[in-house]
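In case you want the letters, here they are:
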Amino acid sequence: MKEHKVTTLDEIKPGQECRIIRINIGGAVGQRLMDMGFIPGTKVKVVRNAPLIDPVEFIVRGYHVSLRHSEAKCIEVELL
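Everything quoted here is computed from the prediction, not taken from an experiment.

Rules and cut-offs
- Residues numbered from 1 in each chain as written.
- Predicted model: local features only at pLDDT ≥ 70, side-chain atom pairs only at ≥ 80, totals over all residues.
- Heavy atoms only, no water.
- Core = buried A, V, L, I, M, F, W, Y, C linked by side-chain atoms within 4.5 Å.
- Buried < 20%, exposed > 50% of the residue type's maximum accessible area, 1.4 Å probe, protein only.
- Helix = DSSP H or I, 4+ residues; strand = E, 2+ residues; numbered from the N terminus.
- Contact = heavy atoms within 4.5 Å.
- Pairing = 2+ DSSP bridges.
- Axes fitted to C-alpha atoms, helices over the stretch in contact; angles between N-to-C directions.

1. Looking at the nonpolar core
Link 1 in the chain: Core analysis: the biggest nonpolar cluster contains 18 residues, and Leu-9, Phe-38, Val-44, Phe-58 and Ile-75 have the highest contact counts within it.
Link 2 in the chain: Put simply, the parts of the chain that give this core at least two residues each are β2 (17-23), β3 (43-50), β4 (53-60), β5 (63-67) and β6 (75-79).
Link 3 in the chain: Discounting residues that sit within four places of it in the chain, Phe-38 has contacts with Leu-9, Ile-20, Ile-23, Leu-33, Val-44, Phe-58, Val-60, Val-65, Leu-67 and Ile-75.

See the structure below:
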């Protein structure tokens, strides 16, 4: 059985894909992330990092969405 490396979404490099394990933040920010499609089990691809760090662009469920690194750090993922 192949083991996947567990990390946070802000550590994933452009071009890599991962699967969301859990959202480690509650409240309005956690709800907003889930409303945008960041739900455990969902595949995410990192498109690019902005030149000055924020934001990071992802493909989630077929659409593009951008997050700050501080928000992406709250999402635990496994590399695919």
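There is more to say after this.
2. Points about the sheet that holds β5
Link 1 in the chain: Strand order in this open sheet of six strands is β1-β6-β2-β3-β4-β5, and the pairing throughout is antiparallel. Each edge of the open sheet carries a strand with a single partner, namely β1 (6-8) and β5. When strand polarity is set aside, the average angle formed by the axes of neighbouring strands in this sheet is 40°.
Link 2 in the chain: Of the strand pairs in this sheet, β1 and β6 are connected by three bridges, and their pairing is antiparallel. From the neighbouring strand, Thr-7 faces β6, where its bridge partner is Val-77.

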